[in-house]
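So the chains spell out like this:
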Amino acid sequence: MQGLILSLVADLSFDNWMTQLRKGLLELAVLNSIAAAPLYGYDIVRRLSDVDHLVITEGTVYPILSRLKNSGLVETYIEESQEGPPRKYYRLTARGRDDLYRMNQHWDSLHHAIGGLRKERHR
Amino acid sequence: MNDMTPAARERLDNYLQRMRSELRGTRAEVADEVEQSVREHIEIALAEAQAPIGTTEVIAILDRLGPPERWLADEERPMWRRALDRVRSGSEDGRLAYLSFGLFVASIVLLPMFGFLLLIPAMFVGRAWIELARDRGEPLGARRWLVYPALAVVLAFATGLLILAPPLGALAFALGGDVEPLLDIPTTRAGEFRFLAGLNGVLFGSWWMIAAAFCAAFLRPIRFVFSPMLDGLQRKHFAVLAAIGALVAAAGATLIYYRH
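Residue numbers run consecutively from 1 along every chain, following the written order of its sequence. Labels follow written order: the first chain is A, the first ligand is 1, and so on. Local features in this predicted model are restricted to residues whose pLDDT is 70 or higher, and side-chain atom pairs enter the listing and the counts only when it is 80 or higher, whereas totals over whole chains, interfaces and linings include all residues.

## What about the pairing of strand S3 (residues 87-92) of chain A?
Every other side chain in a regular strand lies on the same face of the sheet, so the side chains alternate between the two faces.
Residue and element names in this part refer to chain A.
Logical step 1: Summarising the sheet, strand S1 (residues 39-40) and S3 pair through two bridges and their orientation is antiparallel. Pairing of Tyr40 across the sheet is with Tyr89, part of S3.
Logical step 2: Strand pairing is assigned whenever DSSP identifies at least 2 bridges connecting the two strands. The helix count covers DSSP runs of H or I at least four residues long, the strand count covers runs of E at least two residues long, and both are numbered beginning at the N terminus. Pairing analysis gives six bridges linking strand S2 (residues 74-79) to S3, with the strands arranged antiparallel. Directly across from Thr76, in S3, lies its bridge partner Tyr90.

Set out below in structure tokens:
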């Protein structure tokens, strides 16, 4: 019984850690998803959903897109679609591109540093 | 939106209603943008389904979108909604601050119906929260403003009562009924004024000296009850009150002595 409770507590703290990590990474993932070409909201959500454990609830992506738009990192335009309703496309602004470049650099350096720490542990 | 069964339509409408309710209070452009994007998302997701669209398809899409309550980061949610959530699901001691504020508001609303009696529990619930936060070494943060109103009003009321009530009672006793004939009050207008001013001075001044001595003797309990507002209270403050009382009483006695 005690073991079960301890494992439940461990699961809860791991879930909490995952949630915090996901929150921090979602913006970076959203910006990267539209770095190569503009995408409409549904398509962004689909792409991010394909990344394991990144998007648990698809609706989370829309407030992020809205926040990125309000802070001037992305802009939108509407395009007619032959397969359904008109679609709102999101693309990076010049400022968004600069910020994304710096964010990716920071992510790479973090990733590298964590990798280094893990290697030290295995030595 | 797409052709769907009444049950599916109802399900979708309920969801959109829930979403609007959750987005209420965020900046208007965020709420509009998110609502518009989510509607577009649902339309695109349903575009390939066969009409009429049933509840199964709608539920599958809504489940993937997830509960709107989980979409916004905490800092994006309006303050009143965060406060409501903390009251609903916060830790027990965290709720005390909100309970204190609720009792304070209720005491104001119910003022004509002895609502002021609620101020006392509001103050003590607020004090309990402050002590719990201190025990844990947590800063009081912005939530202190939820408990300060009750503390401030009770403190102001208690101070007024302490400073004014006993001498006013004594004055009413002295000037009423059987005592007044014994006081040798002058019959001239100027003399009567000097006597009354002097009597006020003696009563208030004497009482302030007594009250200062009493409060100085019970400094720690007083500081504790009204902490953190009276954390800086020291005996020297009561010494000042006693000195003022002595001056006022002396001036009053002089006026009474020279009343004729």
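After presenting the structure, the write-up continues.
## A few points about helix H7 (residues 144-175) of chain B
Residues and elements named next belong to chain B.
Logical step 1: How far a helix is expected to stretch is found by multiplying one less than its residue total by 1.5 Å. In this model, H7 (32 residues) spans 46 Å end to end at C-alpha, consistent with the 46 Å of a helix rising 1.5 Å per residue.
Logical step 2: In this analysis the local bend is the angle between axes fitted, respectively, to the seven residues ending at and the seven residues starting at the residue. Of all the bends in H7, the greatest reaches close to 35° and is centred on Leu164; the proline Pro166 follows between one and four positions later.
Logical step 3: Those residues of H7 that sit buried are Leu146, Val147, Ala150, Leu151, Val154 and Pro167. Put simply, a residue is buried when 20 or more other C-beta atoms lie within 10 Å of its own C-beta and exposed when 12 or fewer do; between those, it is partly exposed, and each C-beta is set from the backbone.

## A short note on the packing of helix H8 (residues 189-217) of chain B against helix H10 (residues 235-257) of chain B
Any two packed helices are characterised by how steeply their axes cross, that is the angle between the axes, and by the distance between the axes.
Residue and element names in this part refer to chain B.
Logical step 1: Convention adopted: a line fitted to C-alpha atoms gives each axis, helices being fitted over their contacting stretch, and angles between N-to-C directions are expressed from 0 to 180 degrees. Interaxial distance between H8 and H10 falls to 7 Å at its minimum, and their mutual angle equals 155°. Classified by the angle between their axes, H8 and H10 sit roughly antiparallel to one another. Where H8 crosses over H10, the handedness of that crossing is left-handed.
Logical step 2: Here the term charged refers only to Asp, Glu, Lys and Arg, the term nonpolar to Ala, Val, Leu, Ile, Met, Phe, Trp, Tyr, Cys and Pro, and the term polar to all other amino acids, Gly among them. The residue inventory of the contact of H8 with H10, partitioned by class, reads 22 nonpolar, seven polar and two charged. In this scheme, roughly parallel covers angles under 35 degrees and roughly antiparallel covers those over 145, while 65 to 115 is roughly perpendicular and the rest are oblique. Each crossing gets its handedness from the near helix: less than a right angle anticlockwise from the far helix is left-handed, clockwise is right-handed.

## A closer look at the interface of chain A and chain B
Logical step 1: Between chain A and chain B, the contact holds 20 residues from the first and 21 residues from the second.
Logical step 2: Counting only elements with at least two residues in the side of chain A that touches chain B, the list comes to helix H2 (41-49), helix H3 (61-70) and S3 of chain A.
Logical step 3: Sorting elements by how many residues they give to the side of chain A that touches chain B places H3(A) first, with six residues.
Logical step 4: Residue composition of the side of chain A that touches chain B, by class: seven nonpolar, seven polar and six charged. Our contact criterion uses C-beta atoms placed from the backbone: two residues qualify when those atoms are within 7 Å.

## Focus: the confidence of the model for chain B
All names here are of chain B.
Logical step 1: Note on scores: pLDDT gives the predictor's confidence for each residue, bounded by 0 and 100. Here chain B averages 83 in pLDDT, and 89% of its residues register 70 or above.
Logical step 2: By mean pLDDT, the top-scoring element of chain B is H10 (91), and the lowest-scoring one is helix H4 (residues 79-89) (65).
Logical step 3: Scored by ipTM, the complex comes to 0.79, with pTM at 0.53.

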